[in-house]
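This is what each chain is made of:
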Amino acid sequence: MSWQAYVDNNLVGTKKVTQAAILGKAGGVWAKSSDITISAEEQKAITAAFTNKAAVQASGFRIANQKYFFLSSDTYGDDPDLIVVQGKKQTDGAVLAQTKQAILVVTYIYPQTAQDAGLLVTNLGAYLASQRY
């Protein structure tokens, strides 16, 4: 499956998230929904959110020029590389998931929920991690 198919079918296509992108952990956008733009500066900050928890807790993170306040950062399953960060902006939010090589980025707008978006991203992240991505 192509990276774009993951965005189109497994993320945005579920209707549980509004926008999605898959970034390379080493940089670059691998795939994205048509309505999201993530600047190079935002990409660097998103990548840093997984290594500098204190900074993201203090200042949050930005996706497509929208600021999200930090809510949580946790590892999941048996893979210490699968880290999920959640952010909030009023009733909307964002979820980031880092695997060995990729970072999943999604936003959701109410009535979409943090629970649905978080579970969706965590499950896809776990699958990609199991495939060594």
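Before any of the text, the structure's been laid out above.
Residues numbered from 1 in each chain as written. Predicted model: local features only at pLDDT ≥ 70, side-chain atom pairs only at ≥ 80, totals over all residues. Heavy atoms only, no water.

What to know about helix α2 (residues 40-48)
So, point 1. For α2, every residue scored as buried is listed here: E42, Q43 and I46. Buried residues of α2, viewed axially, fall in a sector of 105°; they line one side. Residues of α2 that are exposed and point over 90 degrees away from its buried face: A40, E41 and K44.
So, point 2. Buried residues along α2 sit against β1 (19-24), β2 (29-32), β3 (61-63), β6 (92-98) and β7 (102-108). (Buried < 20%, exposed > 50% of the residue type's maximum accessible area, 1.4 Å probe, protein only. Helix = DSSP H or I, 4+ residues; strand = E, 2+ residues; numbered from the N terminus. Arc of directions from axis to C-beta. Contact = heavy atoms within 4.5 Å.)

Things to note about the pattern of salt bridges
So, point 1. This structure, assessed with the given rule, holds 1 salt bridge.
So, point 2. Among the salt bridges present, the one from K100 reaches D81, with a minimum N-O distance of 3.9 Å. Note that K100 is positioned in the loop between β6 and β7 and D81 in strand β5 (residues 79-89), a separation of 19 residues in sequence.
So, point 3. Assessed through its relative accessible area of 33%, K100 is described here as partly exposed.
So, point 4. The class of D81 is partly exposed, set by a relative accessible area of 29%. (Salt bridge = Lys/Arg side-chain N within 4 Å of Asp/Glu carboxyl O.)

What to know about the packing of aromatic side chains
The description of an aromatic ring pair uses the distance of the two centres, along with the angle that the planes make with each other.
So, point 1. According to the stated counting rule, one finds 4 aromatic pairs in the structure shown.
So, point 2. Ring geometry for W3 and Y6: centres 5.7 Å apart, planes at 40°, overall tilted. Taken together, the positions of W3 and Y6, both in helix α1 (residues 3-11) and 3 residues apart, correspond to about one turn of that helix.
So, point 3. Residue W3 is classed as partly exposed on the basis of its relative accessible area of 21%.
So, point 4. For the pair W3 and Y133, a centre-to-centre distance of 5.0 Å together with 90° between the ring planes defines the contact as edge-to-face. Placement of the pair is W3 in helix α1 and Y133 in the segment after α4 (114-130), with a sequence separation of 130 residues.
So, point 5. Overall, Y133 belongs to the partly exposed group, its relative accessible area being 36%.
So, point 6. Aromatic ring contacts, followed pair by pair, group W3, Y6, W30 and Y133 into a single cluster. (Phe/Tyr/Trp six-rings, centres within 6.5 Å; stacked < 30°, edge-to-face > 60°.)

Some details on the nonpolar core
So, point 1. By size, the foremost hydrophobic cluster in this structure holds 20 residues, and its most contacted members are L11, V95, L104, V106 and V121.
So, point 2. In contact with V106, not counting residues within four places along its chain, are L11, V17, Q19, A20, I63, G93, A94, V95 and V121.
So, point 3. Core analysis: the next-biggest nonpolar cluster, separate from the first, contains 18 residues, V56, Y68, F70 and L96 among them. (Core = buried A, V, L, I, M, F, W, Y, C linked by side-chain atoms within 4.5 Å.)

A closer look at the environment of E42
So, point 1. Here E42 lies in helix α2.
So, point 2. When its relative accessible area of 8% is taken as the criterion, E42 is described as buried.
So, point 3. In this structure, the C-alpha to C-alpha distance between E42 and A64, residues 22 residues apart in sequence, is 7.8 Å.
So, point 4. When near neighbours in sequence (up to four residues on either side) are disregarded, E42 contacts T37, R62, I63, A64 and N65.
So, point 5. Of the polar contacts made by the side chain of E42, one reaches the backbone nitrogen of A64; its length is 3.2 Å. (Polar contact = N/O pair within 3.5 Å; in protein donor to acceptor, adjacent residues only side chain to side chain.)

Some points on the environment of K100
So, point 1. Along the chain, K100 and G24 lie 76 residues apart, while their C-alpha atoms are 9.6 Å from each other.
So, point 2. Apart from residues lying up to four places away in sequence, K100 is in contact with K25, D79, D81, A129, R132 and Y133.

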